[in-house]
Amino acid sequence: MQPPTLTRRSFEHRGFGLSFLDTDPQATDKATVLLLHGFPDSAQMWREVIAPLHTAGYRCVAPDTLGCGGSALGLRTRDYRARDIASDHAALLQHLRIDRAHVVGHDWGAAVGWFLAAYHPERVSRLVPISVGHPTAYARAEFRQKIMGWYILFFQLVGLSERLLQGSGRFSLARVFASHPDMDEVVERMREPGRLTAALSIYRASLVDVLLRSHPAVDCDTLGIFSDGDRFLVESQMKRSERWVDGHWEYQGLAGGHWIPLEQPERLARLLQDFFAS
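Residues numbered from 1 in each chain as written. Predicted model: local features only at pLDDT ≥ 70, side-chain atom pairs only at ≥ 80, totals over all residues. Heavy atoms only, no water.

**What about the overall build of the chain?**
Worth spelling out the cut-off: Strands are runs of DSSP state E lasting at least 2 residues, helices are runs of H or I lasting at least 4, and numbering of each runs from the N terminus. Radius of gyration here is computed from C-alpha atoms only, and the compact-globule reference equals 2.2 Å multiplied by the residue count raised to the power 0.38. The rule is simple: take the accessible area with a 1.4 Å probe, protein chains only, and divide by the maximum for that residue type; under 20% is buried, over 50% is exposed, in between is partly exposed. By definition, residues are in contact when any of their heavy atoms lie within 4.5 Å. Charge assignment: positive for Lys and Arg, negative for Asp and Glu; neither His nor the chain ends contribute. Where a charge lies is defined by one atom per residue type: Lys uses NZ, Arg uses CZ, Asp uses CG and Glu uses CD.
When helices and strands are counted, the chain shows 13 helices and 8 strands. Its C-alpha atoms give the chain a radius of gyration of 17 Å, near enough to 19 Å, the size a compact globule of 278 residues would have. Expressed as a percentage of the 278 residues in the chain, the buried residues total 58%. Within the chain, contacts between residues separated by at least 24 positions form 75% of all contacts whose residues are at least 6 apart in sequence. Looking at charge distribution, the chain has the averaged site of its 31 positive side-chain charges lying 5 Å from that of its 32 negative ones.

**A word on the packing of helix 2 (residues 82-95) against helix 3 (residues 108-119)**
Applicable threshold: To define axes, lines are fitted to C-alpha atoms, for helices over the stretch in contact only, and angles between the resulting N-to-C directions are given on a 0 to 180 degree scale. For classification purposes, angles smaller than 35 degrees are called roughly parallel, those larger than 145 roughly antiparallel, those between 65 and 115 roughly perpendicular, and all remaining angles oblique. When residues are grouped by polarity, Ala, Val, Leu, Ile, Met, Phe, Trp, Tyr, Cys and Pro land in nonpolar, Asp, Glu, Lys and Arg in charged, and all others, Gly among them, in polar.
Here helix 2 crosses helix 3 at 70 degrees, and the two axes come no closer than 8 Å. Taken together, helix 2 and helix 3 sit at an angle that is classed as roughly perpendicular. For the pair helix 2 and helix 3, contact is made by Ala82, Arg83, Ile85, Ala86, His89 and Ala90 and by Trp108, Val112, Phe115, Leu116 and Tyr119, respectively. The class makeup of the residues in the contact of helix 2 with helix 3 is 9 nonpolar, 1 polar and 1 charged.

**Comments concerning the side chain of Glu162**
Relative to the helices and strands, Glu162 is located in helix 7 (residues 160-165). Discounting residues that sit within four places of it in the chain, Glu162 has contacts with Leu157, Leu196, Thr197, Leu200 and Arg204.

**Quick look at the sheet that holds strand 6 (residues 124-130)**
Formally: A strand pair is defined by DSSP finding two or more bridges across the two strands.
Read across the open sheet, the 8 strands follow the order 1-2-4-3-5-6-7-8; overall the sheet is mixed. In the strand order of this sheet, the two ends are held by strand 1 (7-13) and strand 8 (249-254), each with one partner. When strand polarity is set aside, the average angle formed by the axes of neighbouring strands in this sheet is 20 degrees. Bridge analysis of strand 6 against strand 7 (residues 221-227) gives 3 bridges, and the strand direction is parallel. Bridge pairing in strand 7 places Leu127 opposite Thr222. Across the sheet, helix 3 is in contact with strand 3 (32-36), strand 5 (101-106), strand 6, strand 7 and strand 8; its angle to strand 6 comes to roughly 150 degrees. Seen against the sheet, helix 13 (residues 265-277) touches strand 3, strand 5, strand 6, strand 7 and strand 8 and runs at an angle of roughly 150 degrees to strand 6.

**What about the pairing of strand 4 (residues 59-63)?**
As a general feature of sheets, a regular strand has side chains that alternate between the two faces. Most of strand 4 is tucked away, with 5 of its 5 residues classed as buried. Because side chains alternate across strand 4, one face comprises the buried residues Arg59, Val61 and Pro63, and the other comprises Cys60 and Ala62, equally buried. One ladder, built from 3 bridges, connects strand 2 (residues 16-22) with strand 4; its direction is antiparallel. Bridge pairing in strand 4 links Asp22 to Val61. In this structure, strand 3 lies alongside strand 4, joined through 3 bridges in parallel fashion. If you follow Leu34 over to strand 4, its bridge partner there is Val61.

**Structural notes on the environment of Asp246**
Locating Asp246 in the fold gives a position in the loop between helix 11 (236-239) and strand 8. Of the residues examined, Asp246 reaches a relative accessible area of 56% and is grouped as exposed. Setting aside its immediate chain neighbours within four residues, Asp246 contacts Ala217, Val218 and Asp219.

**Here's the deal with helix 10 (residues 195-212)**
We count it as follows: Helix span, expected: 1.5 Å multiplied by one less than the number of residues in the helix. Values of bend correspond, residue by residue, to the angle between axes fitted over the seven residues ending at that residue and the seven starting there.
In a regular helix each residue adds 1.5 Å, so 18 residues correspond to 26 Å; helix 10 covers 27 Å between its end C-alpha atoms and thus fits that length. Its axis deflected by about 55 degrees at Ser206, helix 10 carries its strongest bend there. Here helix 10 lies mainly inside the structure; 13 of its 18 residues are buried.

**Focus: the packing of aromatic side chains**
Remark: the centre distance and the inter-plane angle together describe each pair of aromatic rings, the angle taken between the planes. As a reminder of what qualifies: Only Phe, Tyr and Trp rings take part, Trp by its six-membered ring, and two of them pair if their centres are within 6.5 Å. Stacked means planes under 30 degrees apart, edge-to-face means over 60, and tilted covers everything else.
Considering all chains together, one arrives at 21 aromatic pairs under this definition. Look at Phe39 and Phe155: their rings are 5.4 Å apart centre to centre, the planes differ by 55 degrees, and that puts the pair in the tilted class. Within this pair, whereas Phe39 is found in the loop between strand 3 and helix 1 (47-55), its partner Phe155 is found in the loop between helix 6 (150-154) and helix 7, the two being separated by 116 residues in sequence. The buried category is assigned to Phe39, whose relative accessible area is 4%. For the pair Phe155 and Phe177, a centre-to-centre distance of 6.3 Å together with 40 degrees between the ring planes defines the contact as tilted. With a gap of 22 residues between them, Phe155 in the loop between helix 6 and helix 7 and Phe177 in the loop between helix 8 (173-176) and helix 9 (183-190) connect regions that are remote in the sequence.

**Considerations on the state of the cysteines**
As a reminder of what qualifies: Disulfides are defined as pairs of cysteine sulfur atoms found within 2.5 Å of each other.
By the definition in use, this model includes 0 disulfides. Between Cys68, a cysteine without a disulfide, and Cys60, which holds the nearest cysteine sulfur, the sulfur-to-sulfur distance is 20 Å. Residue classification places Cys68 among the buried positions, given a relative accessible area of 11%.

**Examining the packing of helix 1 against helix 13**
Helix-helix packing: each pair is described by the crossing angle between the helix axes and the interaxial distance. Which entries qualify depends on this criterion: The sense of a crossing depends on the near helix, which, turned anticlockwise from the far helix by less than a right angle, makes the crossing left-handed and, turned clockwise, makes it right-handed.
Their axes nearest at 8 Å, the elements helix 1 and helix 13 cross at an angle of 45 degrees. In terms of their interaxial angle, helix 1 and helix 13 are classed as oblique. Of the two elements, helix 1 crosses helix 13, and the hand of that crossing is right-handed. Residues Glu48, Val49, Pro52 and Leu53 of helix 1 form the contact with helix 13, whose participating residues are Pro265, Leu268, Ala269, Leu272 and Gln273. For the contact of helix 1 with helix 13, a count of residues per class yields 7 nonpolar, 1 polar and 1 charged.

Below, the structure written as structure tokens:
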């Protein structure tokens, strides 16, 4: 399959320069898929998923969230609130004159996708959260989810977590997220000044909003995808997300680990195409 040309572009929102990849900058009439990455990734994580979607006729837009990839660093921790990042993505669609898009998100990108669909419903045609369920379903998940998500509290230790993650011990990036398929690239990218703190800041800025506040249901048709070998999340928080979907709900379980877009891009692309066409 011939890989599409990915054009890197940028726009400004909330006073920050935000970078994104676009397969068809001039194709205003194509159905668009907005692909949202999570921690510790960037928009580049979607490259193997984008290729088959592009071949199937979709325009693919993959933003680097604030502080990640080619996007500017935020000035304050609160700049990284997940709901504000969702507003960045809504503003991106407006900037591109795209009324509505299919929204696909993994990890934090899934959580941001839920916020985008809940608080900017006019921008979302269909939603595909991967690995992470509706924020309220996640917050109410059983105690085992709190144990599996221990690292979220670790990330709250400003300065200490950065130092340990950049080291070589048991709390290093390479050890905590050893299952990541591109860990060498992640470690190298996180060596850039400010990038690791930026990546951690979404956890620090959004902890209260996700865990202690309720959020509305989404109106759009939604396909939740979860993998049985996920070391960071329990399946129930995705399955129970059906309660926060007023549109049609589908669930797809997969074998494999947490990093579905990187580990199973062809399988994921087929699921997306089938769901968008149904």
